[in-house]
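A look at the structure
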Amino acid sequence: MSRLDELDRNLEQVRARIEAACAAAGRPAADVTLVAVTKTHPLADIEALASLGVRHFAENRDREAREKAESVTGDVVWHFVGQVQTNKARSVASYADVVEGVDRGRLVDALSAGAVQAGRTLQVAVQVALDDAQGRGGVALDEGHRSLLELCSAVERAPALVLRGLMGVAPRGADPVPAFVLLARAAAAVQAEHPSATMVSAGMSGDLEAAIKSGSTHVRVGTALLGVRFAPVI
Ligand SMILES: *Cc1c(COP(=O)(O)O)cnc(C)c1O
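Residues numbered from 1 in each chain as written. Predicted model: local features only at pLDDT ≥ 70, side-chain atom pairs only at ≥ 80, totals over all residues. Heavy atoms only, no water.

1. Comments concerning the pairing of strand β1 (residues 33–37)
For β1, the buried fraction is high: 4 of the 5 residues fall into the buried class. Two strands pair when backbone bridges link them, and β1 and strand β8 (residues 218–221) are joined in this way by 4 bridges, in the parallel orientation. Residue pairing for β8: T33 is matched across the bridge by H218. Between the parallel elements β1 and strand β2 (residues 56–59), the chain passes through helix α2 (residues 43–51) in a crossover that is right-handed. (Buried < 20%, exposed > 50% of the residue type's maximum accessible area, 1.4 Å probe, protein only. Helix = DSSP H or I, 4+ residues; strand = E, 2+ residues; numbered from the N terminus. Pairing = 2+ DSSP bridges. Right-handed = clockwise from strand over helix to strand, strands pointing away.)

2. A short note on the environment of L43
Considering the arrangement of structural elements, one finds L43 in helix α2. On the basis of relative accessibility, which here comes to 27%, the residue L43 falls in the partly exposed class. Separated by 46 residues in the primary sequence, L43 and A89 place their C-alpha atoms 23 Å from one another. Once residues lying within four places of it in the same chain are set aside, the contact partners of L43 are K68, S71 and V72. (Contact = heavy atoms within 4.5 Å.)

3. What about the nonpolar core?
With 66 residues, the main nonpolar core has I18, L111, V126, L148 and L166 as its most contacted residues. Discounting chain neighbours no more than four positions away, the residues touching I18 are V32, L34, L208, I212 and V219. Membership of the second largest hydrophobic core comes to 6 residues, among which are V77, V98, A125 and M199. (Core = buried A, V, L, I, M, F, W, Y, C linked by side-chain atoms within 4.5 Å.)

4. A look at the site of the ligand
All residues in the neighbourhood of the ligand are listed as V37, K39, N60, V81, M167, M204, S205, R220, V221, G222, T223 and R229. R229 is positioned such that a nitrogen or oxygen atom in its side chain is 2.8 Å from an oxygen atom of the ligand. Coverage of the ligand by the protein amounts to 87% of the 390 Å² it exposes when considered alone. Looking at the shell around the ligand residue by residue, the class counts come to 5 nonpolar, 4 polar and 3 charged. (Near = heavy atom within 4 Å. Polar contact = N/O pair within 3.5 Å; in protein donor to acceptor, adjacent residues only side chain to side chain. Areas by Shrake-Rupley, 256 points an atom, 1.4 Å probe, with all protein chains shown as cover. Nonpolar A, V, L, I, M, F, W, Y, C, P; charged D, E, K, R; others polar.)

5. Description of unusual backbone geometry
Negative phi is the rule for most residues except glycine; trans is the rule for most peptide bonds. One non-glycine residue, T40, lies in positive phi territory at about 70°. Position of T40 among the secondary structure elements: in the loop between β1 and α2. Owing to a relative accessible area of 12%, T40 belongs among the buried residues under this scheme. Although it is not a glycine, H145 adopts a positive phi angle of roughly 55°. Here H145 is to be found in the loop between β5 (122–128) and α6 (146–157). Overall, H145 belongs to the buried group, its relative accessible area being 18%.

Right, here's the structure in full:
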């Protein structure tokens, strides 16, 4: 089977899973955007998926993301997912369309400054911490979602950033449902203050059904589309 056929088959399977999950949740399939997570996979895979109709792509390392974003032809939307080091913010702001993983004020300021300098506007999803593991980032949820709401307001105030909503990563190796329920509650609190911040980015290859059931609007799928990841190609 050619790589294009393999990607086509995987894409059909992932789309069928999304449609079935939407149907089971009584939601229209158009509610959920598929974001293909292409980290470690070659540019040719991105071009192939784009030719099959995928528009949203995500990467999680600045150098790899920048090289791919600069090389890919066609009309694609770039998401940067996961932790952004503050010293990489200016670079990320130069090519990313959507930054999912904003979790601190300094990063808001750095991304906004980078976007202003690049003459761009960035869409932002604030990351919520859904597990106790260190190092995965996200705003810790507190009483009344205070820290989260403060950070969302800071994004809204930043000159070159638009608050789109929230992003979360469920804990590995545990039932993801409680995490997705926490994220949905946080999203409701944010939408009460920022009605247009409707994005809820949650769900990956292994748990997209549970995420869609809890209201996810963007699923970030790597392995189920592209296969197992090895070392980065760039
Ligand atoms: C790699 C990655 C994904 C994709 O995970 P799969 O299990 O391969 O689908 C989703 N979200 C983030 C933040 C990632 O880093």
